[in-house]
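Below are the chains, spelled out letter by letter.
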Amino acid sequence: MQESPHIEFKSEFTKGFLKTVSAFANYDGGEILFGVNDDGDVVGVGDSKKLCHRIETSINDSLEPLPNYSIDVEDRDGESIVRLKIMSGTDTPYFASGKAYRRSHTSTVQVDTPELKKLVIKGMNTSFDECSTSNQELEFSILNKALEKKLGLNDVDERVYRTLCLYSSSHGFNNAAAVLADKNEFQGIDIVRFGKNINEIMDRQTKEHVSALELYDEAIAMFERYYKFESIIGFEREEEYLVPETAFREAIANAIVHRDWSIKGSIKVSLYDDRIEITSPGGLPNDVSEEDYLVGKLSILRNPLIAEVFAKLGYIERFGTGIPRIKASYVDSGLAPRFDISNTSITVTLPSVSLLEAVDDGERLVLELLSKYGELRRSEIEKHLKTNKSKATRILKRLEDKKLIEIEGVGRATKYKI
């Protein structure tokens, strides 16, 4: 047995376990095993009945509100252990002696002020964008123009804002309204066009304290400036893009709509010759797994009101389709977008499809394999291509030199991915 973010061992009873109870109740739940040491060895608890009573009394006296939990006694290797199971709660934050906690890998730490605010919002069964904003003196000329252009709404007034759920008579404007207002207190977007390396900045546009719609428009303008071109086919001029336009529009809209607006930080957009990287502050919403995110199952939206406005204006389609649409825009290219998810951010990398002009048939086949399977060992690539080690090695080396693939691991554990 090993400790994990959801399992903690206690060789003996101490009041310190209450912090972990708070952490498990505040987030994804978990278990504490009494009578197991840090190495995962069973050492037993002695009088299990007495220990169960002490655990129950300590939780009832020190946790506020009281979380949902269960206590069971088990026999392991002839010794008794006590399993305390704490369920994820809905009445967050759960305080242990007046303080709220969270898990950090296998440790338990006190939550900071921003995280405590999120727990409070979660416990209210609401979202950040639904909460009332402190600044009620908001103007919406940019939003109003978009409503007129996209929906044909003239003379936008309070009734329209009510319909969009941006305003209520009891609470006034909410945070969603503030995000969409002409001026606000939120950091916005930082777009940088790099040259040969990250030390060579060719262009930079930074927008902050402005409407989210202005952030979107600025990002699209920069994208078209560097990735849009015209080609002549016969007697016709056609617009083409070095990076799929649909992928970029969806990725930018997702970064704005689904970012954590309670975090002080800007959306970062890095423009390179061979790719675009878009990083939005905040990881996945609570109760949304990485798998759910990647297949488009966003049953829980971080900012449902902002998402609704973007959907009505046509910046996004129905909820949850963004990631599948980004992937679909690369289906015929042999390349694939990459999604890197952490606890604090999400980065979407969109490769330039123009790179395919410089690959041969063998390289294209390898890219298609990696796009399909995600990552492969060289031996697996050999089997798929029905080729020998030396040829597969040469192809992979060329793709590496062109920076079209990444290498992870060493020796026999080496894997290749786009």
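Before any of the text, the structure's been laid out above.
I will try to describe carefully the structure that is included in this document.

Rules and cut-offs
- As a convention, each chain's residues are numbered from 1 in the sequence order in which they are written.
- In keeping with the model being predicted, local features are shown solely for residues with a pLDDT of at least 70 and side-chain atom pairs are shown and tallied solely at 80 or more, while totals for entire chains, interfaces and linings include all residues.
- Heavy atoms throughout the structure, all of them, feed into the side-chain values; hydrogens and water do not.
- Each helix is a run of H or I in the DSSP string that is no shorter than four residues. Each strand is a run of E no shorter than two, and both are numbered from the N terminus.
- Burial classes follow relative accessibility: with a 1.4 Å probe on protein chains only, a residue under 20% of its type's maximum area counts as buried, one over 50% as exposed, and anything between as partly exposed.
- Two residues form a contact once any of their heavy atoms are found within 4.5 Å.
- All accessible-area figures derive from a Shrake-Rupley calculation using a 1.4 Å probe, and residue coverage is judged against the displayed protein chains alone.
- When charges are counted, Lys and Arg contribute as positive and Asp and Glu as negative, whereas His and the chain ends are disregarded.
- We put the charge of a Lys on NZ, of an Arg on CZ, of an Asp on CG and of a Glu on CD.
- When DSSP finds at least two bridges between two strands, those strands are taken to pair.
- Here a salt bridge means any side-chain nitrogen of Lys or Arg lying within 4 Å of a carboxyl oxygen belonging to Asp or Glu.
- The criterion is simple. A nonpolar core is a set of buried Ala, Val, Leu, Ile, Met, Phe, Trp, Tyr and Cys residues joined through side-chain atoms within 4.5 Å.
- Axes here refer to lines fitted to C-alpha atoms; in helices the fit is confined to the stretch in contact. Angles between the N-to-C directions go from 0 to 180 degrees.
- Angles below 35 degrees are treated as roughly parallel, those above 145 as roughly antiparallel, those between 65 and 115 as roughly perpendicular, and all remaining angles as oblique.
- By convention, the crossing between two helices is left-handed when the near helix turns anticlockwise from the far helix through less than a right angle, and right-handed when the turn is clockwise.
- Gly is placed with the polar residues, together with every amino acid not listed as nonpolar (Ala, Val, Leu, Ile, Met, Phe, Trp, Tyr, Cys and Pro) or charged (Asp, Glu, Lys and Arg).

Some remarks on the overall build of the protein
- If you tally the helices and strands in the protein, you get 14 helices and 21 strands.
- Expressed as lengths along the three principal axes of its C-alpha atoms, the size of the protein is roughly 90 × 70 × 35 Å.
- Each of the 418 residues in the protein was classed as buried or not, and the buried ones make up 45%.
- Relative to all contacts within the protein whose residues are 6 or more apart in sequence, the contacts with residues 24 or more apart total 61%.
- Carbon and sulfur atoms make up 46% of the accessible area of the protein, which totals about 22100 Å².
- Looking at charge distribution, the protein has the averaged site of its 56 positive side-chain charges lying 4 Å from that of its 69 negative ones.

So, the side chain of Asn-174
- Its place among the elements puts Asn-174 in the loop between strand 10 (172–173) and helix 6 (175–180).
- Asn-174 gets classed as buried once you look at its relative accessible area, which sits at 7%.
- Residues in contact with Asn-174, not counting those within four places in the same chain, are Asp-129, Glu-130, Cys-131, Ser-132, Thr-133, Cys-165, Leu-166, Tyr-167 and Leu-305.

Some points on the sheet that holds strand 20 (residues 406–408)
- The antiparallel open sheet is built from three strands, whose spatial order is 19-21-20. The open sheet terminates on both sides in strands that have one partner only, identified here as strand 19 (375–376) and strand 20.
- Here strand 20 pairs with strand 21 (residues 415–417) via three bridges, running antiparallel. The partner of Glu-408 across the bridge, within strand 21, is Lys-415.

Points about the environment of Ala-219
- Tracing the sequence through the fold places Ala-219 in helix 7 (residues 212–227).
- Once you skip the residues sitting within four places of it in the chain, Ala-219 turns out to touch Ile-189, Ile-191, Phe-248 and Ile-252.

Section: the pattern of salt bridges
- Applying the stated rule across the entire model yields 26 salt bridges.
- Across the salt bridge formed by Lys-417 and Glu-408, the nearest N and O atoms sit 2.8 Å from each other.
- Lys-417 sits in the buried class, given a relative accessible area of 17%.
- Taken together, the salt bridges that share partners define one network made up of Glu-31, Glu-74, Arg-76 and Arg-83.

Observations concerning the sheet that holds strand 3 (residues 63–64)
- On the basis of which strands lie adjacent, the open sheet formed by four strands has the order 3-6-7-8 and antiparallel pairing. Here the strands that pair on one side only, and so sit at the sheet edges, are strand 3 and strand 8 (107–110).
- Two strands pair when backbone bridges link them, and strand 6 (residues 95–96) and strand 7 (residues 99–104) are joined in this way by two bridges, in the antiparallel orientation. Note that in strand 7 the partner of Ala-96 across the bridge is Lys-99.

Points about the nonpolar core
- Within the largest apolar cluster, 79 residues are counted, with the highest numbers of intra-cluster contacts made by Leu-143, Phe-248, Val-269, Ile-276, Ile-278, Phe-310 and Leu-350.
- Those residues within four positions of Leu-350 in sequence are excluded, and the remaining contacts are Val-243, Ala-247, Phe-248, Ala-251, Asp-274, Arg-275, Ile-276, Ile-278, Ile-326, Tyr-330 and Pro-337.
- Membership of the second largest hydrophobic core comes to 21 residues, among which are Phe-17, Val-21, Ile-32 and Ile-59.

As for the packing of helix 7 against helix 8 (residues 245–258)
- At their nearest, the axes of helix 7 and helix 8 sit 10 Å apart, and the two run at 150 degrees to each other. Here helix 8 runs roughly antiparallel to helix 7, going by the angle between their axes. Relative to helix 8, helix 7 is oriented so that their crossing is right-handed. Residues Ala-212, Leu-215, Tyr-216, Ala-219, Ile-220, Phe-223 and Glu-224 of helix 7 form the contact with helix 8, whose participating residues are Glu-245, Phe-248, Arg-249, Ile-252, Ala-253 and Ile-256.
- Residue classes in the contact of helix 7 with helix 8 are distributed as ten nonpolar, no polar and three charged.

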